[in-house]
Amino acid sequence: MNISIIVLFFAIIISNYNIEITDKVGIGFIICSIMMFVTIQKSLQLYYKQKLLIQDLNETKEELEQKKQEIKELEKENLNFSKISHSIAHKQKSLEYKLNELMLKNEITSDMDLKDRLKSITKELQQETIVELVKTNIPEIDDILSYMQSECSKNKIDFQIQLSGNIHYMINNFIDKEKLEILLADHIKNAIIAIRHSDNSNKSILVRLGMIEGIYSLYVYDSGIEFEVDTLANLGKKPSTTHADDGGTGMGFMNTFDTLKEYQASLIIKEYGKQTKEDYTKAIIVKFDHKNEYKICTYRVEEINKKETSKNLIVEKLSF
């Protein structure tokens, strides 16, 4: 618009040419032209700077989104690494226990400088008689159960196993051998921790494995303390433990929910309370029923329902 006004102004001067008027107006015209030129130059500079600023802003937004995505990936990798580390820890302890057994049976060369340690372990083992467990005839499963029996023995906990059905058929058709090994280790370890924090004079764990009520399942009963309500509400969502000082990591149930999803199995938690016919306070049940449900059967229905829980969670009144 400024350029058009000046052009029009210049055209009027030319059409009405007069030396005296032109001399007087010409100076003003030159000044206006210079000002217009400077203004256009400054405007172009501002426009260019604004364009660069917008470009930088867009690039910053893209970079920020990339960083957010990288953080999510790192968090996911960290969680997966924690799960793997948690699982490997059980296997490592199981193998250590198996190694100790082999050394006690003189099945490892005597060149190893472990005589003092062997004598110490032998004395400890002689102090307590460990009942031989029934065998699944699957070495990895039997090893982890033997290791967990030894941990129970250290903590004066009665440990029993009940097998039914064909366990070989179970690991070939319903759950991978390694996944079953980790399930057993996670939930027996949780049961031991729960009993350590309990004042219950009855200290016992019962593991039932195989065909139970027409469905291949895993049952882990214990006489320990009950779950915190917040823990029940957050199971499978994030690692949650109230006993980190006693070896709890919260990763056990994270692994469990991954396994449930993979095999479309269901998790049922039964809370019996302090006085029950079985003398157990709770049971963790994993059923390979292709329903992929999460159910809590408890005497604390109202208390649990007050908390924010998953849409897939079913809370029922426990009936005896």
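Residues numbered from 1 in each chain as written. Predicted model: local features only at pLDDT ≥ 70, side-chain atom pairs only at ≥ 80, totals over all residues. Heavy atoms only, no water.

Q: Give me the overall build of the chain: which residues, what numbers.
A: Helix and strand counts for the chain come out as nine helices and seven strands. For the chain, the proportion of its 320 residues judged to be buried stands at 37%. Taking as baseline every contact in the chain between residues at least 6 positions apart, the subset at least 24 positions apart corresponds to 65%. About 20,700 Å² of surface is accessible on the chain, with carbon and sulfur atoms providing 54% of the total. (Helix = DSSP H or I, 4+ residues; strand = E, 2+ residues; numbered from the N terminus. Buried < 20%, exposed > 50% of the residue type's maximum accessible area, 1.4 Å probe, protein only. Contact = heavy atoms within 4.5 Å. Areas by Shrake-Rupley, 256 points an atom, 1.4 Å probe, with all protein chains shown as cover.)

Q: So what about the packing of helix H4 (residues 139–154) against helix H6 (residues 177–196)? Which residues, and what values?
A: At a minimum axis distance of 9 Å, the contact between H4 and H6 shows a crossing angle of 10°. Relative to H6, the element H4 lies roughly parallel. For the pair H4 and H6, contact is made by Glu-140, Ile-141, Ile-144, Leu-145, Met-148, Glu-151 and Cys-152 and by Lys-177, Leu-180, Glu-181, Leu-184, Ala-185, Ile-188, Lys-189 and Ile-192, respectively. Within the contact of H4 with H6, the residues separate by chemical class into 10 nonpolar, no polar and five charged. (Axes fitted to C-alpha atoms, helices over the stretch in contact; angles between N-to-C directions. Parallel < 35°, antiparallel > 145°, perpendicular 65-115°, else oblique. Nonpolar A, V, L, I, M, F, W, Y, C, P; charged D, E, K, R; others polar.)

Q: Any chance you could break down the packing of aromatic side chains for me, citing the residues and the numbers?
A: Taken as a whole, this structure holds seven aromatic pairs when the rule is applied. With a centroid separation of 5.1 Å and 35° between ring planes, the pair formed by Phe-174 and Tyr-216 is classed as tilted. In this pair, Phe-174 is assigned in the loop between helix H5 (167–173) and H6 and Tyr-216 in strand S3 (residues 215–222), connecting sequence segments 42 residues apart. By relative accessible area, which is 7% here, Tyr-216 ends up buried. With 5.3 Å between their ring centres and 90° between their planes, Phe-257 and Tyr-294 make a pair best called edge-to-face. A residue pair is termed long-range when its members are at least 10 positions apart, and Phe-257 in helix H8 (residues 251–263) and Tyr-294 in strand S6 (residues 294–298) qualify at 37 residues. (Phe/Tyr/Trp six-rings, centres within 6.5 Å; stacked < 30°, edge-to-face > 60°.)

Q: If you had to explain a nonpolar patch on the surface to someone new, which residues and values would you point to?
A: A grouping of Ile-3, Val-7, Ile-40 and Leu-44 is seen on the molecular surface, where their side chains present a nonpolar patch of about 360 Å² in accessible area. Counting through the fold element by element, Val-7 comes out in helix H1 (residues 2–15). (Patch = residues over 30% accessible without salt bridge, like charges linked within 9 Å, V, L, I, M, F, W, Y side chains within 5 Å. Salt bridge = Lys/Arg side-chain N within 4 Å of Asp/Glu carboxyl O.)

Q: Kindly report on the pattern of salt bridges, identifying the contributing residues and their values.
A: One side chain can pair with another of opposite charge once the charged atoms of both are near each other. Scanning the model with the defined rule gives seven salt bridges in all. Among the ionic pairs, Arg-300 bridges to Glu-226, the shortest N-O distance being 3.5 Å. Placement of the pair is Arg-300 in the loop between S6 and helix H9 (301–305) and Glu-226 in the loop between S3 and helix H7 (229–234), with a sequence separation of 74 residues. Among the residues examined, Glu-226 registers a relative accessible area of 36% and is labelled partly exposed. Of the charged contacts in the structure, one is a salt bridge between Arg-300 and Glu-271, with a shortest N-O distance of 2.6 Å. With Arg-300 in the loop between S6 and H9 and Glu-271 in strand S4 (residues 266–271), the pair connects residues that are 29 residues apart, well separated along the chain.

In short, the description is geometric, and any link to function would need to be established separately.
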